Protein chains: 2
Amino acid sequence: MKTMKLASMPTIKRLPGYLHVVEAAAREGLPYISGTTIAEELELEPIQVRKDLAVTGIIGKPRMGFPVPELIQAINDFLDWNRGHNAIVLGAGHLGSALLGYSEFNRHGLKAVAAIDTDPAVIGTDINGITIAPAEEMAAIIAAHRIEVAVLTVPSGCAQEVTNELVRCGIKAIWNFTNCKIKVPSPVIVQQEDLSSGYAVLSVKLRLQQGQADQPRSGADEETPG
Amino acid sequence: MKTMKLASMPTIKRLPGYLHVVEAAAREGLPYISGTTIAEELELEPIQVRKDLAVTGIIGKPRMGFPVPELIQAINDFLDWNRGHNAIVLGAGHLGSALLGYSEFNRHGLKAVAAIDTDPAVIGTDINGITIAPAEEMAAIIAAHRIEVAVLTVPSGCAQEVTNELVRCGIKAIWNFTNCKIKVPSPVIVQQEDLSSGYAVLSVKLRLQQGQADQPRSGADEETPG
């Protein structure tokens, strides 16, 4: 594995987009892709692209660009997407089901091997080849499959309670899709996925589009270089 | 409506979290809530909370804090969440179904009034009281319900094609859950929701937790003041 450099959160968040573009170039059989091409595709500045991709240890060659297969490998190494993580989905409602079936995650190492729900009507049913199990079986399932990641899509009201149980079961990371700010002991990881934040931005943009107020400060957007 | 100040994207993204905490205080019947309490609940710095909430025009009183009902009203005004937007969901798979049923959005003005799919097996079926319609009816439905927002959960391969059709139908904003970087003419709004970015951050945190590489630069996280 190449030496990995320091990376900011915004850089890490942009890496899947780069991977998407570079994989498309690979499918077209291109040996190299320029930073400018990647920048145009993703509507970023070329300098931003070069700075971001430097974290992978791959440097573009003048007039050639980045070597496509090496860059794909290096981004996947950086994100640790070549290694698999077994995951359990808590709450097999529509969102949980959507995540269970999302091939994009599966392809990048997140393997949902189990799902838990408390609704007797869904326990025992099958979603994408996974049989929904009752809560009582959670601890045994996590141990048996060496599950590291929990995807939390339970109702907010029971999010902390389920989290506490997951921590007792030795889970390493919780991907939290509830709007409850769950608390975990170190070194357990929480990644908060807040769909309300996206809706807030959409709402403010709509208000501005309709001329009801002033513009956001573009310079303070998190998409600008850190 | 109060005079609204300039706001950065990170501030806008944090507002739903503030609303969540302040609404909980309202349910407990508290007339005031301090910036420090909000900060502790959301694991932010008190100075950040005060700076963020200043965009709503509400200022906390010394030793009292922020007046709860006024702050709820002001955040909702800022986000334009007191006004309704009719929405159409494109692609009634699991993710589309999850979003159709997400009461959090509904409560904040995003009213899904229609859903479109191309799968004959789901057309005509009902999700959360909405009957899935075929693609041919999209234009008529958007016009009849004065739909402003489209929630895009179609396969990436047809995302741009569906977007072009939505733009022709006069849609004002597209909330894009596909990993395709869709292009729209001004002034149509696109809000990209990238679940892969969250998974990338989770993956890197897991790699670091397991001691395989060095730390991200904390100072460049987008959650710090802009």
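Since the model is a prediction, treat every value here as computed from it, not as a measurement. (Residues numbered from 1 in each chain as written. Chains lettered and ligands numbered in written order. Predicted model: local features only at pLDDT ≥ 70, side-chain atom pairs only at ≥ 80, totals over all residues. Heavy atoms only, no water.)

**Brief notes about the UniProt feature "domain: CoA-binding" (unreviewed entry) in chain A**
According to UniProt, the feature "domain: CoA-binding" (unreviewed entry) maps to residues 80–181 of chain A in the numbering used here. Taken end to end, residues 80–181 of chain A is 28% helix and 26% strand, and its two terminal C-alpha atoms sit 26 Å from one another. (UniProt positions renumbered as here; feature names shortened; annotations may be inferred. Helix = DSSP H or I, 4+ residues; strand = E, 2+ residues; numbered from the N terminus.)

**As for the packing of helix 1 (residues 9–27) of chain B against helix 2 (residues 35–42) of chain B**
Residue and element names in this part refer to chain B. At a minimum axis distance of 10 Å, the contact between helix 1 and helix 2 shows a crossing angle of 115°. Viewed along their axes, helix 1 and helix 2 adopt a mutual orientation that is roughly perpendicular. Helix 2 is crossed by helix 1, and the crossing has right-handed handedness. Residues G17, Y18, V21 and V22 of helix 1 form the contact with helix 2, whose own contacting residues are I38, E41 and L42. (Axes fitted to C-alpha atoms, helices over the stretch in contact; angles between N-to-C directions. Parallel < 35°, antiparallel > 145°, perpendicular 65-115°, else oblique. Left-handed = near helix turned anticlockwise from the far one by under 90°. Contact = heavy atoms within 4.5 Å.)

**As for the relation of the copies chain A and chain B**
Structural alignment of chain A on chain B gives an RMSD of 0.0 Å, achieved by rotating through 180° and translating 0.0 Å along the axis. With respect to symmetry, the two chain copies, as superposed, fit the operation of a two-fold axis. When the interface residues of chain A are mapped onto chain B, 100% of them again fall at the interface, so both copies present the same face. (Least-squares fit on C-alpha atoms with pLDDT ≥ 70 in both.)

**Concerning the state of the cysteines**
Using the criterion set out here, one finds 0 disulfides over all chains in the structure. Free cysteine C158 of chain A: the closest other cysteine sulfur is in C180 of chain A, separated by 9.2 Å. Its relative accessible area of 25% is what places C158 of chain A among the partly exposed residues. Lacking any disulfide linkage, C169 of chain B is separated from the closest cysteine sulfur, that of C158 of chain B, by 15 Å. (Disulfide = S-S within 2.5 Å. Buried < 20%, exposed > 50% of the residue type's maximum accessible area, 1.4 Å probe, protein only.)

**Re the UniProt feature "binding site: NAD(+)" (unreviewed entry) in chain A**
Residues and elements named next belong to chain A. Under the UniProt annotation, the feature "binding site: NAD(+)" (unreviewed entry) is placed at G91, A92, G93, H94, L95 and G96. For G91, the location among the structural elements is in the loop between strand 3 (85–90) and helix 5 (94–100). Excluding anything up to four places from it in sequence, G91 contacts G96, I116, D117, T153 and V154. For G96, the location among the structural elements is in helix 5. Beyond its immediate sequence surroundings of up to four residues, G96 is in contact with V89, G91 and T153.

**With respect to the interface of chain A and chain B**
The figure often quoted for interface size is the accessible area lost as the parts come together. Taken together, the contact pairs 73 residues of chain A with 73 residues of chain B. Interface of chain A and chain B: buried area, both sides summed, is about 7,100 Å²; carbon and sulfur atoms make up 62% of it. Considering only the surface of chain A that becomes buried against chain B, M9, L195 and Y199 of chain A emerge as the three largest contributors, covering 10% of it. Summed over the shared surface of chain A and chain B, the number is 0 salt bridges. For the side of chain A that touches chain B, the secondary-structure elements that each account for two or more residues are helix 1 (9–27), helix 2 (35–42), helix 4 (68–79), helix 5, helix 6 (103–107), strand 8 (173–176), strand 9 (189–192) and helix 9 (195–209) of chain A. When residues in the side of chain A that touches chain B are grouped by element, the largest group, 14 residues, is from helix 9 of chain A. Its residues assigned to classes, the side of chain A that touches chain B comprises 36 nonpolar, 17 polar and 20 charged. (Buried area = accessible area lost by both parts, 1.4 Å probe. Salt bridge = Lys/Arg side-chain N within 4 Å of Asp/Glu carboxyl O. Nonpolar A, V, L, I, M, F, W, Y, C, P; charged D, E, K, R; others polar.)

**Brief notes about the pattern of salt bridges**
All names here are of chain A. Under the counting rule described, the total for this entry stands at 8 salt bridges over all chains. Across the pair R107 and E23 runs a salt bridge whose closest N-O atoms are separated by 3.2 Å. Of the two residues, R107 sits in helix 6 while E23 sits in helix 1, which places them 84 residues apart along the sequence. E23 gets classed as buried once you look at its relative accessible area, which sits at 13%.

**Looking at the environment of D52 of chain B**
Residues and elements named next belong to chain B. Here D52 is to be found in helix 3 (residues 46–53). Distance from D52 to L15, taken between C-alpha atoms, is 7.8 Å for residues 37 residues apart in sequence. Aside from chain neighbours lying at most four places away, what touches D52 is T11, R14 and Y18. Polar side-chain contacts of D52 include one of 2.8 Å to the side chain of T11. (Polar contact = N/O pair within 3.5 Å; in protein donor to acceptor, adjacent residues only side chain to side chain.)

**Concerning unusual backbone geometry**
Each neighbour pair has its own omega, and for S186 of chain A with P187 of chain A the value is 5°, a cis peptide bond. Looking at where P187 of chain A falls in the secondary structure, it is placed in the loop between strand 8 and strand 9. Although it is not a glycine, D80 of chain B adopts a positive phi angle of roughly 60°. By secondary structure assignment, the location of D80 of chain B is in the loop between helix 4 (68–79) and strand 3 (85–90).

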